Every structure is written in structure tokens, then in C-alpha cells.
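# A look at the structure
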Amino acid sequence: MPQSPRPTACLALADGTLFFGMGFGATGTTVAELVFNTAMTGYQEILTDPSYAGQVVTFTFPHIGNVGANPEDDEAADPVAEGLVVKWDPTEPSNWRATDSLAVWLQRRGRIGIGGVDTRRLTRAIRQQGAPHVALAHDPEGNFDIEALVARARAFKGLVGLDLAKGVTCAQSYRWDEMRWAWPQGYSRLTEPKHRVVAIDYGAKRNILRSLASVGAEVTVLPATATADDVLALNPDGVFLSNGPGDPAATGDYAVPMIRGVLDRSDVPLFGICLGHQMLALALGARTVKMNHGHHGANHPVKDLETGKVEITSMNHGFTVDSQTLPVGVKETHLSLFDGSNCGLRMVDRPVFSVQYHPEASPGPQDSAYLFDRFAQAMADRTKS
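Residues numbered from 1 in each chain as written. Predicted model: local features only at pLDDT ≥ 70, side-chain atom pairs only at ≥ 80, totals over all residues. Heavy atoms only, no water.

Under an unreviewed UniProt entry, the protein chain has the name Carbamoyl phosphate synthase small chain and belongs to Rubellimicrobium aerolatum. On record in UniProt, under Subunit (unreviewed entry), the comment for the protein chain is "Composed of two chains; the small (or glutamine) chain promotes the hydrolysis of glutamine to ammonia, which is used by the large (or ammonia) chain to synthesize carbamoyl phosphate. Tetramer of heterodimers (alpha,beta)4." According to UniProt, the comment filed for the protein chain under the heading Sequence similarities (unreviewed entry) is "Belongs to the CarA family." (UniProt positions renumbered as here; feature names shortened; annotations may be inferred.)

As summarised here, the arrangement of the 10 strands in space is S8-S10-S9-S11-S12-S17-S16-S15-S13-S14, forming an open sheet in which the pairing is mixed. A strand with exactly one partner marks an edge of an open sheet, and here the two such strands are strand S8 (174-176) and strand S14 (310-322). Adjacent strand axes in the sheet meet at a mean angle of 25° when their direction is disregarded. The strands that helix H9 (residues 275-284) touches are strand S11 (238-241), strand S12 (270-273), strand S13 (287-304), S14, strand S15 (330-336), strand S16 (342-347) and strand S17 (352-355); relative to S16, the one it contacts most, it runs at about 50°. (Pairing = 2+ DSSP bridges. Helix = DSSP H or I, 4+ residues; strand = E, 2+ residues; numbered from the N terminus. Axes fitted to C-alpha atoms, helices over the stretch in contact; angles between N-to-C directions. Contact = heavy atoms within 4.5 Å.)

Moving on, we get to the environment of Leu102. Looking at where Leu102 falls in the secondary structure, it is placed in helix H2 (residues 102-108). Separated by 11 residues in the primary sequence, Leu102 and Gly113 place their C-alpha atoms 9.4 Å from one another.

Below, the discussion takes up the pairing of strand S7 (residues 133-138). Most of S7 sits inside the fold, with 5 of its 6 residues counted as buried. Here strand S1 (residues 9-13) runs beside S7; their pairing, made up of 5 bridges, is antiparallel. Counted as the bridge partner of Leu13 is Val134 from S7. Pairing between strand S3 (residues 28-37) and S7: 6 bridges, direction antiparallel. (Buried < 20%, exposed > 50% of the residue type's maximum accessible area, 1.4 Å probe, protein only.)

Spelled out as C-alpha cells, the structure:
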């Protein structure tokens, strides 16, 4: 009777729970927080989303890797998630756009994968106990020091109090004019801009920048540590606050003074997404809190409290704005129908608004596209006045 192949990867949780499987991608060991994502598609976009810095992602959908990887679907230059956990070992890709298999793509970019894991059991554990700290190891020979792996997982300090935006932001400012992908031409360039937008890069996804360009914005991207003087010196028609990883309170040490400076010295419209939403909330006087296991997926129902409509949204966040701390003059606009957590806000007397979810990811697919149009209209209204 043939023997089962020896496991070549191990996922060790800080409580000592072990999951063995078959490794793929890069070899070595990484430590991180473990989160689950419920999306059925978009694994490449998820792994390259800078908001996943410091995290290993386990996918609840079993068939990951079946469409391979290609350069057009990257949200950043390289994967940012520390690794991934899947039910089935990735197969050879079957898609006309694929240029690499998932395993080769990960190996070239130094990220570890483990297949053959009971991801349903793992997801239940995360839901019940919260996002655990883990060590993920891949050794083709299957040699693991279990005690050392558990010790490394326990030594991981976690994301609370950790500013990760500085690690994923751009090194210097740059211009962006590429628009959203469309059949059959693919990506095209904005040739007749209508608005000047300054985007603060806390870990910006490329498709957010494309969405801004697609509503007529010529975008100048600034690093996360940009000051209000840096922003206002460019005389923008609007300011955008991007998504990003880590604890918003830590990033807020330098982001909040910038946002307050812009709000105090200018009437420009301001729009934030994900971490940008949390940065805006902090700047307006609210607080953020760590969630048990966060929201990660492409099927999250969010209610627009002002229209009554429900949007199917994509989310990726482990912290949330405490809506009970929103000050007078700031209105809650959206909430999660899963757990009632805050998903949007706006100032009642100014075109300043933000959402916790990702409208550019288009899970609806166009449920939330109006937010970019709203931002563009606010800039147009300001120009006319």
C-alpha cells in the first residue's frame, strides 16, 4: 500500500495547534496574524493588496490558483500578504490570461503557501477565538522544529499599536493616469483630466487609483508621511486617503495632523477608503478598535442609511471605527449588515466622506461605483462656485 507523501509545510498557531500540508511557493518561515477571506475569486488581488501586510490569508473557497497569475491583476508591485493557506493544492492554471502558475508566482516573489489544510476547521477557530498569531514554514524535506515554530508564533507582537503604512507606502511622489480595465482595449490612459487629486498612499491599491482616473482625476500620489503643506502646495481640487495596513491609531500619529491641517486650511472635498476612512474618523475626533477577526471577503452586505439601499461590498480590515464616538457634525452613513459595525461617515456641512469597504473591487459589481462619481461631482461643484 503506497504511503502518503510526507508533509512539506506546517502552520503553527500560538496556542500550539498544528496544521500540516504540502508547501508551495517560497521556502522558509514567516510569522504573522492569520485571517480568513471568503472571496471566491481575486486571490491575486488579495495577496497583492498592501492592506494585508503582516497577515497570512486562509481562503475559505477551496479552489485557489486555478486561473494562475498575470501582471495585470497585481494591486501592488509584489505580494504583500505574508503567505496563504488553501484547501486543495493549486493546479496548473486554466485561463488565457495566465502567465504563471500560482506556485511559480509565489516562489519568484518570496511568499509561502500551504495546501491540503482543513480550512473550514481553521476558519471556525478564527471566528471563535479571534485572529491568531501563527508561524508558517515550508521545507521540501519536511523537517520542522515544532517547538521553535510555536515559540515564534507566541513571540509575534500582533498588529495592535503597529504602524505598517510606512512599510508599504511609496518612496516618493508620482503621477497616475491609468484608468480601469475595459474590454477589449484593457487599460487606457486619461488624456483630458478634469480634476487634480492628491492621493495619500497608506498602501494604495492600483485599482483605486484607476477608479479616480476613470472619473477624470489627474492623480498625484504622495507618501503616507506627507504634511498638510505638502498636500496644499499642489493646489488640489480634492484629496483622497487610501487603504492600508496596521493599527490606524499608530498611523494616525502623523496622518491625523495632516488631515486636520487640510480641513482647517482648505475647503477641498476629501474622500477616504478603508484605512483612509479610519484616518478621517480619527482626525474628526472618533476612535478605532480592534475587531475579533475582522472583515475579509467580497460578499459583505452594507446598508446605505441615507438611501436604504444595500450594497454587496468587498472588505479587508481588522480594525473598525467606533460609531458611538463620532462627534457632532459627523454622520454615520453606512453600516455592516453582518455585525452592525460602522462602514461609512460624512461631515454634515462639507463634502468630506469615507467608507470602510472597497468600492473599486466591484463585487456588486457596480453597487458602490457612485462613490467615485460623488467625489468627482464634489470637485466639479467646488470649481464652479
